[in-house]
Protein chains: 2
Amino acid sequence: MRDYKILLNEVLERIKPSESERRILSNIIRKVMGRAERYLVKHNLDVDVKVEGSVAKDTWLSGDRDLDIFLRFPKSIGKNGLIKFGLEMAKFIAGENYVECYAEHPYIEAEIEGFKVDLVPCFKVNFPSEIASSVDRTPFHTEYVNLRLNGHLKNEVRLLKKFMKGIGVYGAEIKIRGFSGYLCELLTIFYKSFIDVLKGSLKWHPFSTIIDIEGYYAGFEDEALKMFNSPLIVVDPVDRKRNVAAALSLNNMCKFMSAAHIFLKNPSLEFFFPKPVQPLSRSEILEQIHERGSEFMFILTGCPKIHPDILWGQLYKSLEGIENLLRSFDFNIINSTVWSNEKDLVIFILELERLNLPTVKRHIGPPVYNLDDSERFLRKYLHSSKVLSGPSVKNDRWVVYVKRKHTSAIKLIRDDIFRARLGELVKSAFQERFEILVNEEIIDIYVKNPFFASFFTSHLHGRPGWLKL
Amino acid sequence: MRDYKILLNEVLERIKPSESERRILSNIIRKVMGRAERYLVKHNLDVDVKVEGSVAKDTWLSGDRDLDIFLRFPKSIGKNGLIKFGLEMAKFIAGENYVECYAEHPYIEAEIEGFKVDLVPCFKVNFPSEIASSVDRTPFHTEYVNLRLNGHLKNEVRLLKKFMKGIGVYGAEIKIRGFSGYLCELLTIFYKSFIDVLKGSLKWHPFSTIIDIEGYYAGFEDEALKMFNSPLIVVDPVDRKRNVAAALSLNNMCKFMSAAHIFLKNPSLEFFFPKPVQPLSRSEILEQIHERGSEFMFILTGCPKIHPDILWGQLYKSLEGIENLLRSFDFNIINSTVWSNEKDLVIFILELERLNLPTVKRHIGPPVYNLDDSERFLRKYLHSSKVLSGPSVKNDRWVVYVKRKHTSAIKLIRDDIFRARLGELVKSAFQERFEILVNEEIIDIYVKNPFFASFFTSHLHGRPGWLKL
């Protein structure tokens, strides 16, 4: 067996929070708690103010600047009371710089001394079964993890999180659809070390792996598989009906498995600290586009101003809709993705085998021995101006050669994009304006926008830096 | 129910042999028999000379100029004796104009007063079970048909044969792979009239229909289906192990079914007397090629000098081989066929979606959880100069974007045609010379060769003249 110790120690040296970092964080927490205390005294309220998230579990990484503070109100205050007093208290704590955000419930995202501090009002309940929304559940997660994650294991969680960040599968937000921090913690509790999580993942199989620490479904695995129906199922120890990995995509589950496989064969720092992508130069990118011989269609539009989770949900849905529209007219898509700066620009990228198809298209009809179907088919095509050849019989079926409705992918998108299944807000953006660029026509955008350039370069390159054998 | 009588009577008027035709044929038969008699007397041989084929069964069509004469030798003469004396006698009868042909056994094809007279030496056996080759069986077919086909039914056979000729499915030879004369006779015996054959065929289903006049497989239909495994099974009344429809292709079986279906809906003379194809003019054909927007590849080569059955067997096999080669490199074939004048020219016609493909090609690898396969895949592609992007993970699989080996169908055929599965003689023809023409480059050949022009016109047109609803 390989000894990864030296390498992992080197990683830990770089990702464990330093004493000075911890001190800075403690100061901020003290400040926030002080402000909370003052609010509570002033309003004579009984609210439990708690640090949550990776800070509460001591699984945060050096350099992280996130802090989650939960304001746990008694259930008796009611939903409206929670929103009113919760937000008021959160704003009081936040100070000057904050935005109001909406997940299941509203919360405040404040900026305090360089830290992003989420101030989340919720109900204080005694048992997970009494929760009213998912934020009420979070303190139980923290409690569970702190009970099971002793000193040494916290660093194993740090390694796992950093590994996942490095290979791009960390984060349960819609844009990523990866592994949440809590999921990393549970995996570490289950497998008992970072390396054993990697080794364990090599035995995973999409849609048939259940990790059930508390054994809620022991002997009923098949029922659990059917009930959750997810690529990976990790039963929540504090809520047996919940799959902690529900947000994880098949793609990211498998990306993690593949990276684990390669790391165990050929460990390197690159998994944890990937080199930033160097965008190809203007001439290099033009040469690559040319060399592939395929055709790129870039659809540019404005960016809806909404929470990133909603934005990316709509962008992915719309990308799928556009792909399906193109495929339904026989355009062969080699690869596709979508990029946005989350401000004012969205670019759908579609690499097609070709932008233009021949006019003629073979259409296979019913078997000749299905008499009713055959007559319907013949009545449709015998007098149709769309027909170029036939109908005739090929093997046991009718076949006819018709004119394609769309021979140009560009014209299809230009004329019929609203026939694609689009997210509502993306639809509105398209209605306002959209632009189609082809192949090297993207070059001005590429040169002007280094973030897009990095994204497109790594999309074209495809291979992750750590992929070495 | 529709009354087809007037129409069918009109057809019969035109296809029943006239008295003068019958007289001419009788004279020829008398002459042939006389020559045979002289030979037998001279050589003191005991040979049974019999008229066979459609003339013997009185199912021939007006205008036919074919006559089959069987020379039935005693089995005691042996195989070598049959070939020696059989051919000698046949040549004596043939006179000046004849060619020696080889099917299972050699025979003589003579030209006598405008008639093609096949003189076929065979053994005279008492029971079908004693036959040495298929020609020995023929007299039993004739006997069976003459026993079951009374006067009125002969004309029904004539209608069926003419119908099949008209729609292009008559003849068991390899070029056609259609219905033999004997098959038409058996169908008529079974269904009892031309119209009832058509109606009956609407209930046929490929690979699951058995017509078993003598009921040899009654109660054992499943075994018969498995044993014969043909689109249509018609058990030979004189040899239960033989499928009379063995040579019939699925395509022609279904062509017949479709024509039957349409005829019963909308009967017309055109089924029996199709209008000859008028080749499109030079400018029309160029316009059609252009309008389709697809790309035609014509592969021209010389024609092996062999019996048409062997030639067409090899041409069809080679066409399939060329198609498979093109498909294996992702070229999408819209339609294909092969033409030959059976003398000095063969033209393979392949209509492709496109002659050129983009350089980049997506290659899907193994699932990431198949560790050994994944390593093999990665070792193959991580250091390959063929790779343009990746490897990366897409859903649960590795994927890599590689350079295609062949982006040009023309270059593929030019460089690698001998990697296709070709008939041996076609391979030799290609080795001597072949030429690739693309799209309008065929026009000189088209203009010079009216037979090819008709063929290509009807190939492009596709729709049979009788197809009206």
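Residues numbered from 1 in each chain as written. Chains lettered and ligands numbered in written order. Predicted model: local features only at pLDDT ≥ 70, side-chain atom pairs only at ≥ 80, totals over all residues. Heavy atoms only, no water.

(A) Representation of the interface of chain A and chain B within the structure. Residue-level contacts link 61 residues of chain A with 61 residues of chain B. In total, chain A and chain B occlude about 5100 Å² of area from one another, counting both sides; carbon and sulfur atoms represent 58% of this. Put simply, chain A and chain B have 4 salt bridges between them. One salt bridge in this structure joins B:Lys265 and A:Glu375, with 3.3 Å as the shortest N-O distance. Counting the contacts that link chain A with chain B gives 31 residue pairs in polar contact (both at pLDDT 80 or more). It is helix H10 (residues 250–265) of chain A that contributes the most residues to the side of chain A that touches chain B, 9 residues altogether. A breakdown of the residues in the side of chain A that touches chain B according to their chemical character gives 28 nonpolar, 17 polar and 16 charged. (Contact = heavy atoms within 4.5 Å. Buried area = accessible area lost by both parts, 1.4 Å probe. Salt bridge = Lys/Arg side-chain N within 4 Å of Asp/Glu carboxyl O. Polar contact = N/O pair within 3.5 Å; in protein donor to acceptor, adjacent residues only side chain to side chain. Helix = DSSP H or I, 4+ residues; strand = E, 2+ residues; numbered from the N terminus. Nonpolar A, V, L, I, M, F, W, Y, C, P; charged D, E, K, R; others polar.)

(B) Summary view of the sheet that holds strand S8 (residues 239–243) of chain A. Residue and element names in this part refer to chain A. Strand order in this open sheet of 3 strands is S6-S7-S8, and the pairing throughout is mixed. A single partner strand is all that each edge strand has here, and the edge strands are strand S6 (209–211) and S8. For this sheet, the mean angle separating the axes of adjacent strands, direction not counted, is 25°. Here S6 pairs with strand S7 (residues 232–236) via 3 bridges, running parallel. Its bridge partner lying in S7, Ile210 is registered against Ile233. (Pairing = 2+ DSSP bridges. Axes fitted to C-alpha atoms, helices over the stretch in contact; angles between N-to-C directions.)

(C) Expanded view of the relation of the copies chain A and chain B. Between the two copies, chain A and chain B, the superposition gives an RMSD of 0.1 Å; the rotation angle is 180° and the shift along the axis is 0.1 Å. The two molecules are tied by a two-fold rotation axis, judged by turn and shift. When C-alpha distances to the rotation axis are compared across chain A, the minimum falls at A:Arg354, with a value of 5.1 Å. Most of the interface of chain A is mirrored in chain B: 100% of its interface residues are interface residues there too. (Least-squares fit on C-alpha atoms with pLDDT ≥ 70 in both.)

(D) Layout of the pairing of strand S11 (residues 346–352) of chain A. All names here are of chain A. For S11, the buried fraction is high: 7 of the 7 residues fall into the buried class. Both faces of S11 are covered, namely the face carrying Val346, Phe348, Leu350 and Leu352 and the face carrying Ile347, Ile349 and Glu351. When strand S9 (residues 295–301) meets S11, the two strands line up antiparallel, connected through 7 bridges. Residue Met297 lies in a different strand from S11, and its bridge partner there is Leu350. Judged from the 7 bridges that link them, strand S10 (residues 333–340) and S11 form a sheet pairing that is antiparallel. Directly across from Ile333, in S11, lies its bridge partner Leu352. (Buried < 20%, exposed > 50% of the residue type's maximum accessible area, 1.4 Å probe, protein only.)

(E) A look at helix H7 (residues 181–191) of chain B. Residues and elements named next belong to chain B. Counting buried residues in H7 gives 10 out of 11 residues, a clear majority hidden from the surface. Residues Gly181, Tyr182, Leu183, Cys184, Glu185, Leu186, Leu187, Thr188, Ile189 and Tyr191 constitute the buried set of H7. Where H7 is buried, its residues contact helix H5 (134–148), helix H6 (151–167), helix H8 (194–201), strand S6 (209–211), strand S7 (232–236) and strand S8 (239–243). Phi turns positive, to about 80°, at Lys192, one or two residues after H7.

(F) Structural view of unusual backbone geometry. All names here are of chain A. For the peptide bond that leads from Gly390 to Pro391, omega is 5°, which places it in the cis range. Inspection of the secondary structure assignment puts Pro391 in strand S13 (residues 387–394). The backbone of Asp58 shows a phi angle near 55°, a positive value even though the residue is not glycine. Along the chain, Asp58 turns up in the loop between helix H3 (53–56) and strand S2 (66–74).

(G) View of the confidence of the model for chain A. Averaged over chain A, the pLDDT score is 94; the fraction of residues at 70 or greater is 99%. Model confidence for the complex is summarised by a pTM of 0.86, with the ipTM given as 0.91. (pLDDT = per-residue confidence, 0-100.)

(H) Inspection of the side chain of A:Glu375 at higher detail. Tracing the chain through its elements places A:Glu375 in helix H13 (residues 371–381). For A:Glu375, the side chain forms a polar contact with the side chain of B:His261, separated by 2.8 Å. If sequence neighbours within four positions are ignored, A:Glu375 has contacts with B:His261, B:Lys265 and B:Leu469.

(I) Focus on the packing of helix H1 (residues 5–15) of chain A against helix H6 (residues 151–167) of chain A. Residue and element names in this part refer to chain A. Here H1 crosses H6 at 90°, and the two axes come no closer than 10 Å. Comparing the axis directions of H1 and H6 gives the class roughly perpendicular. Residues Leu8, Val11, Leu12 and Ile15 of H1 form the contact with H6, whose own contacting residues are Asn155, Arg158, Leu159 and Lys162. (Parallel < 35°, antiparallel > 145°, perpendicular 65-115°, else oblique.)

(J) Seen up close, the environment of B:Val399. Residue and element names in this part refer to chain B. Note that Val399 resides in strand S14 (residues 397–403). The spatial distance from the C-alpha of Val399 to the C-alpha of Ala409 is 25 Å, given a sequence separation of 10 residues. Other than its neighbours up to four places away in sequence, Val399 contacts Arg362, His363, Ile364, Gly365, Phe377, Gly390, Pro391, Ser392 and Lys394.

(K) Focus on the sheet that holds strand S14 (residues 397–403) of chain A. Residue and element names in this part refer to chain A. Sheet architecture is open: 3 strands sit in the order S12-S14-S13, paired in antiparallel fashion. Both edges of this open sheet fall to strand S12 (360–367) and S13, since each of them pairs with a single strand only. Here the strands of the sheet are splayed against their neighbours by 20° on average, with no regard to which way each runs. Strand direction decides the pairing type here: S13 and S14, joined by 5 bridges, are antiparallel. When the bridges of S14 are listed, Val387 appears paired with Val402.

(L) Summary view of the packing of helix H5 (residues 134–148) of chain A against helix H7 (residues 181–191) of chain A. Residues and elements named next belong to chain A. In the contact formed by H5 and H7, the axes pass within 11 Å of each other and the chain directions differ by 30°. One way to sum up the angle between H5 and H7 is to call them roughly parallel. The interaxial crossing formed by H5 with H7 has left-handed handedness. Here His141, Tyr144, Val145 and Arg148 of H5 come into contact with H7, specifically with Tyr182, Glu185, Leu186 and Ile189. In terms of residue class, the contact of H5 with H7 is made up of 5 nonpolar, 1 polar and 2 charged. (Left-handed = near helix turned anticlockwise from the far one by under 90°.)

(M) Inspection of the pattern of salt bridges at higher detail. All chains considered together, the criterion is met by 57 salt bridges over all chains. Between B:Lys31 and B:Glu113 there is a salt bridge whose closest N-O contact spans 2.2 Å. Within this pair, whereas B:Lys31 is found in helix H2 (residues 19–43), its partner B:Glu113 is found in the loop between strand S4 (106–112) and strand S5 (115–124), the two being separated by 82 residues in sequence. Owing to a relative accessible area of 38%, B:Lys31 belongs among the partly exposed residues under this scheme. Among the charged side chains, a salt-bridge network with shared partners connects A:Arg22, A:Asp58 and A:Arg158.

(N) Broad picture of helix H1 (residues 5–15) of chain B. All names here are of chain B. Within H1, burial applies to Leu7, Leu8, Val11, Leu12 and Ile15. Buried residues in H1, looked at end-on, bunch into an arc of 135°, giving them a common side. Exposed and facing more than 90 degrees away from the buried side of H1 are Lys5, Ile6 and Glu13. Contacts made by the buried residues of H1 are with H6, H8 and helix H10 (250–265). (Arc of directions from axis to C-beta.)

(O) Examining the packing of aromatic side chains more closely. Inspection of the entire model under this criterion finds 56 aromatic pairs over all chains. With a centroid separation of 5.4 Å and 75° between ring planes, the pair formed by A:Phe430 and A:Phe434 is classed as edge-to-face. Overall, A:Phe434 belongs to the partly exposed group, its relative accessible area being 24%. Each residue in the set A:Tyr4, A:Phe163, A:Phe179, A:Phe194, A:Trp204, A:Phe256, A:Phe263, A:Phe271, A:Phe272, A:Phe273 and A:Trp466 is aromatic and connected to the rest through ring pairs, giving one cluster. Directly above the ring of A:Tyr217 sits A:Arg240, whose terminal nitrogen or CZ lies 5.6 Å from the centroid. In this structure, B:Arg292 is placed above the aromatic ring of A:Tyr401, and the distance from its NZ or CZ to the ring centre is 5.7 Å. (Phe/Tyr/Trp six-rings, centres within 6.5 Å; stacked < 30°, edge-to-face > 60°. Lys NZ or Arg CZ within 6 Å of the ring centre and 35° of its normal.)

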